[in-house]
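# Architecture and fold: a report
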Amino acid sequence: MPHADLLEAALTEARRSRDAGGMPIGAAIADASGAVVIGAHNRMLFPSGDIASHAELNAIRDLGVADLSGHTMLTTMPPCWMCAGAARHFRLGTLLVVRQPFDSGGAAWLDGDALAPVRIERVESTEAVELFEQWRAEHPDQWPNPRLDRW
């Protein structure tokens, strides 16, 4: 797989979130050379109570680069509208999205927007799907999004 390092970094972050009691969602960003430069995980269920602490936003925030042209982000969950908007706002070059049974609509929105600078690619990861499905089965009240099979 051409993005194996990026996928492994994002999965490491998803596991880190799960192990700390959060949603197992991770993201990682590589620079234009393909080197992984940052990884982050979802912290919205952590004691801080920051419901906007999504993996993608945390990775962008922690990297601190305002122009992500040429960068690639891999996320273990299709992004929500907020995270997709951040990817577009900071001009992310490529967004690799693990195809999950759930999608908040952000990836489909970016994928269908001819004006968005973000290129979208689907990535398969059985581990990412299993991590999230196991968590969802254990916490059905904390995942309100409907199942969407179109993306």
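Preceding block: the structure.
This report concerns the structure included in the present document. The structure displayed is predicted, hence computed values, not measured ones.

## Section: the nonpolar core
In terms of nonpolar packing, the biggest core is built from 28 residues, with Met73, Leu92, Leu95 and Val118 touching the most fellow members. Elements with a minimum of two residues in this core: β1 (26–30), β2 (36–41), α2 (55–63), α3 (81–89), β4 (94–98), α4 (106–111) and α5 (126–138). Setting aside residues no more than four positions away along its own chain, valine 118 makes contact with Ala87, Arg88, Leu92, Gly93, Thr94, Leu95 and Leu110. Core analysis: the second largest hydrophobic core is formed by 14 residues, Leu6, Leu7, Ala28 and Ala128 among them.

## Remarks on α2
Residues of α2 that are buried include every one of Ala55, Glu56, Leu57, Asn58, Ala59 and Ile60, and no others. Those residues of α2 that are buried are in contact with β1, β2, β3 (72–75) and α3. The first or second residue beyond α2 is glycine 64, which carries a positive phi of 70°.

## Here we look at the sheet that holds β1
Ordered by their spatial adjacency, five strands build an open sheet running β2-β1-β3-β4-β5, and the pairing between neighbours is mixed. Because the sheet does not close on itself, it has two edges, and the strands there are β2 and β5 (119–123). With strand direction ignored, the average angle separating the axes of adjacent strands in the sheet is 20°. Here β4 pairs with β5 via five bridges, running parallel. Within β5, the residue paired with leucine 95 across the bridge is isoleucine 120.

## Focus: the state of the cysteines
Overall, the coordinates contain zero disulfides when judged by the stated rule. With no disulfide of its own, cysteine 80 lies closest to cysteine 83 among cysteine sulfurs, the gap being 3.7 Å.

## Re the pairing of β2
As paired elements, β1 and β2 share five bridges and run antiparallel to each other. For alanine 28, the partnering residue across the bridge sits in β2 and is glycine 39.

## Observations regarding the packing of helix α1 (residues 4–19) against α5
Close contact between α1 and α5 brings their axes to 11 Å; oriented N to C, the two are set at 15°. By the angle between their axes, α1 is roughly parallel relative to α5. Where α1 crosses over α5, the two elements pack in a sense that is left-handed. Where α1 abuts α5, its residues Leu11, Ala14, Arg15 and Arg18 lie against Glu127, Ala128 and Leu131. Of the residues belonging to the contact of α1 with α5, the class tally is four nonpolar, no polar and three charged.

Cut-offs applied
Residues numbered from 1 in each chain as written. Predicted model: local features only at pLDDT ≥ 70, side-chain atom pairs only at ≥ 80, totals over all residues. Heavy atoms only, no water. Core = buried A, V, L, I, M, F, W, Y, C linked by side-chain atoms within 4.5 Å. Buried < 20%, exposed > 50% of the residue type's maximum accessible area, 1.4 Å probe, protein only. Helix = DSSP H or I, 4+ residues; strand = E, 2+ residues; numbered from the N terminus. Contact = heavy atoms within 4.5 Å. Pairing = 2+ DSSP bridges. Axes fitted to C-alpha atoms, helices over the stretch in contact; angles between N-to-C directions. Disulfide = S-S within 2.5 Å. Parallel < 35°, antiparallel > 145°, perpendicular 65-115°, else oblique. Left-handed = near helix turned anticlockwise from the far one by under 90°. Nonpolar A, V, L, I, M, F, W, Y, C, P; charged D, E, K, R; others polar.

Function cannot be inferred from these measures alone, as they are strictly geometric.
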